Amino acid sequence: RGVACLMCYGQAESGREALLHGEAGTRSNPNFTPRGMPAPGGHIHQRGDEGSAGLVLAALVEVLGRLGDGGAVEMACVLLHLEQLHDLLSPQSRVRLAESDLDGVQLSGAHWAPLRDAKEAEGMLQMATQNRAVHAGAAPEGDGGFLDACHVIIAVRIPTGAGRGSSLPLHKTLYIVELAPPPPTRPSGIAGLAVEDFCAINASLRGLQACLGVMARKGAARPPVRDSRLTRLLSGALGADPIRTVL
C-alpha cells in the first residue's frame, strides 16, 4: 500500500527529541517546548545554521524536493493518550480510525494540512506545539511526566498520481512516530491519571513489541495489530514487506 514508518524510541534525555526535531528542541535548551517542536514564533534550524533541522522537517523538505515545483503533500499530526486520538492541528476535530480494502487503516476526521514548502511545514509544526501545550496544561498539577505519557504521530500523505477508480492507492503514507518512553514506577499518592497513563503506555508499547517480535521470527503468524490503536494505525507498516525503521 505504499506505507513507510519511522519510529523513534528512548528515554526523555536520550536525544530522541533532538533527533526528530533538531537541537533547538532538546530539554537542555532554555527555549525547549513540548515534544521538541519549534516554539511558537520560533525558528527551526535549516541546513547550514547552527544545529540541525531534525528528521521531521528534513523528511518533509526531501519529499517536497522530489515532487518538484508545484508539488504538495498533506500532513496530519495526532497525539495518542490513553488510547484516545487528539488532533494537534485542529483540536475540535473528532479523529477515529477507519479501514478500507484499498487504503488500509486511515485517520478519519483528522485535519490534513497541505504543505508546499519548508515554511508551511514549520508553521504546521508550530501550531501542533501550541495545541500540544493545551493538552499538557490540562495535566494534574505537578505531574510533569504527562509530556512523556503520549505518542505523537506525524502522518505525511504523498500523492501517487493514480486516478480515482484505479487499483492503486491515491497516496503513499509516511508515518513518523515519537514513541512514549517506558514510564518509571511511581510512588503511591500521586494525583490525577498517573495510574491510567502508566498502564496505557505500557500496554501500547507491549502491543508494538509483540508485533515486531512476530515479524522478526518471520513465521506464518500475523502481527497482533488490533491489540492497540497505535499498532492498528501503523498496521500498514507492520504487515508483509513494509518499509520501517526503529531508532
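Here's what I pulled together on the structure shown here. These figures come from a predicted structure and were not determined experimentally.

1. Describing the overall build of the protein
Piece 1. Scanning the protein from terminus to terminus reveals five helices and nine strands.
Piece 2. Counting all 247 residues of the protein, 45% fall into the buried class.
Piece 3. Excluding contacts between residues fewer than 6 apart, the proportion of contacts in the protein whose partners are at least 24 apart in sequence is 64%.
Piece 4. As displayed, the protein offers around 12500 Å² of accessible surface, 52% of which is attributable to carbon and sulfur atoms.

2. Remarks on the nonpolar core
Piece 1. Formed by 30 residues in total, the largest nonpolar core has its most connected members in Leu107, Tyr175, Val177, Leu230 and Leu234.
Piece 2. Among the nonpolar cores identified, the runner-up in size contains 29 residues, and Val56, Ala128, Ile158 and Ile176 belong to it.

3. Comments concerning a nonpolar patch on the surface
Piece 1. A grouping of Leu19, Leu55 and Leu247 is seen on the molecular surface, where their side chains present a nonpolar patch of about 220 Å² in accessible area.
Piece 2. Among the structural elements, Leu247 can be located in the segment after strand 9 (243-246).
Piece 3. Its relative accessible area of 42% is what places Leu247 among the partly exposed residues.

4. Notes on the pairing of strand 3 (residues 84-87)
Piece 1. Only one face of strand 3 is buried: it carries Leu85 and Asp87, and the other face, with Gln84 and His86, is open.
Piece 2. Where strand 2 (residues 73-81) meets strand 3, four bridges bridge the pair, whose relative direction is antiparallel. Residue pairing across strands places Leu79 opposite His86, the latter belonging to strand 3.

5. Regarding the pairing of strand 8 (residues 171-178)
Piece 1. Of all eight residues making up strand 8, six are buried, and the element is well covered by its neighbours.
Piece 2. As paired elements, strand 7 (residues 151-159) and strand 8 share eight bridges and run antiparallel to each other. What sits directly across from Pro159, in strand 8, is His171.

6. Regarding the environment of Leu6
Piece 1. By secondary structure assignment, the location of Leu6 is in strand 1 (residues 3-8).
Piece 2. Of the residues examined, Leu6 reaches a relative accessible area of 16% and is grouped as buried.
Piece 3. Sequence spacing of Leu6 and Leu55 is 49 residues, and the spatial spacing of their C-alpha atoms is 9.7 Å.
Piece 4. Setting aside residues no more than four positions away along its own chain, Leu6 makes contact with Leu20, Leu55, Tyr175, Ile176, Val177, Thr245 and Leu247.

7. Re the pattern of salt bridges
Piece 1. All told, the structure shown has six salt bridges when counted by the stated rule.
Piece 2. Taking the shortest distance from any N to any O, the salt bridge between Glu99 and Arg226 comes out at 3.0 Å. Of this pair, Glu99 sits in strand 4 (residues 96-100) while Arg226 is found in the loop between helix 4 (194-217) and helix 5 (229-233), placing the two residues 127 residues apart along the sequence.
Piece 3. Classification of Glu99 by relative accessible area gives partly exposed; the value is 46%.
Piece 4. The closest approach of N and O atoms between Arg116 and Glu120, which form a salt bridge, is 3.8 Å.

8. Section: unusual backbone geometry
Piece 1. Even without being a glycine, Leu82 presents a positive backbone phi close to 55°.
Piece 2. Within the fold, Leu82 resides in the loop between strand 2 and strand 3.
Piece 3. Classification of Leu82 as partly exposed rests on a relative accessible area of 27%.
Piece 4. Positioned with a positive phi, Glu83 is a non-glycine residue whose angle comes to about 65°.
Piece 5. Along the chain, Glu83 turns up in the loop between strand 2 and strand 3.
Piece 6. On the accessibility criterion, Glu83 (26% relative accessible area) is partly exposed.

9. Here we look at the environment of Ser235
Piece 1. Take Ser235: it is sitting in the loop between helix 5 and strand 9.
Piece 2. With relative accessibility at 18%, the residue Ser235 sits in the buried group.
Piece 3. Linking Ser235 and Pro224, residues 11 residues apart in sequence, is a C-alpha distance of 9.1 Å.
Piece 4. Setting aside residues up to four positions removed in sequence, Ser235 forms contacts with Val105 and Val225.

10. Some words on the environment of Leu238
Piece 1. Following the sequence through the fold, Leu238 ends up in the loop between helix 5 and strand 9.
Piece 2. If we skip the residues at most four places from it in the chain, Leu238 touches Leu208, Cys211, Leu212, Met215, Pro223, Val225 and Thr231.

11. Notes on helix 2 (residues 55-67)
Piece 1. For helix 2, which comprises 13 residues, the first-to-last C-alpha distance of 18 Å matches the rise-based estimate of 18 Å (1.5 Å per residue) to within 8%.
Piece 2. Residues of helix 2 that are buried include every one of Val56, Leu57, Leu60, Val63 and Leu64, and no others. Seen end-on, helix 2 carries its buried residues on one side only, within an arc spanning 130°. Those residues of helix 2 that are exposed and angled more than 90 degrees off the buried face are Gly65 and Arg66.
Piece 3. Looking one or two places after helix 2, you find Gly68, whose phi comes out positive at around 85°.

Conventions and cut-offs
- Residues numbered from 1 in each chain as written.
- Predicted model: local features only at pLDDT ≥ 70, side-chain atom pairs only at ≥ 80, totals over all residues.
- Heavy atoms only, no water.
- Helix = DSSP H or I, 4+ residues; strand = E, 2+ residues; numbered from the N terminus.
- Buried < 20%, exposed > 50% of the residue type's maximum accessible area, 1.4 Å probe, protein only.
- Contact = heavy atoms within 4.5 Å.
- Areas by Shrake-Rupley, 256 points an atom, 1.4 Å probe, with all protein chains shown as cover.
- Core = buried A, V, L, I, M, F, W, Y, C linked by side-chain atoms within 4.5 Å.
- Patch = residues over 30% accessible without salt bridge, like charges linked within 9 Å, V, L, I, M, F, W, Y side chains within 5 Å.
- Salt bridge = Lys/Arg side-chain N within 4 Å of Asp/Glu carboxyl O.
- Pairing = 2+ DSSP bridges.
- Expected span 1.5 Å × (residues − 1).
- Arc of directions from axis to C-beta.

Coordinates in, geometry out; function isn't part of it.
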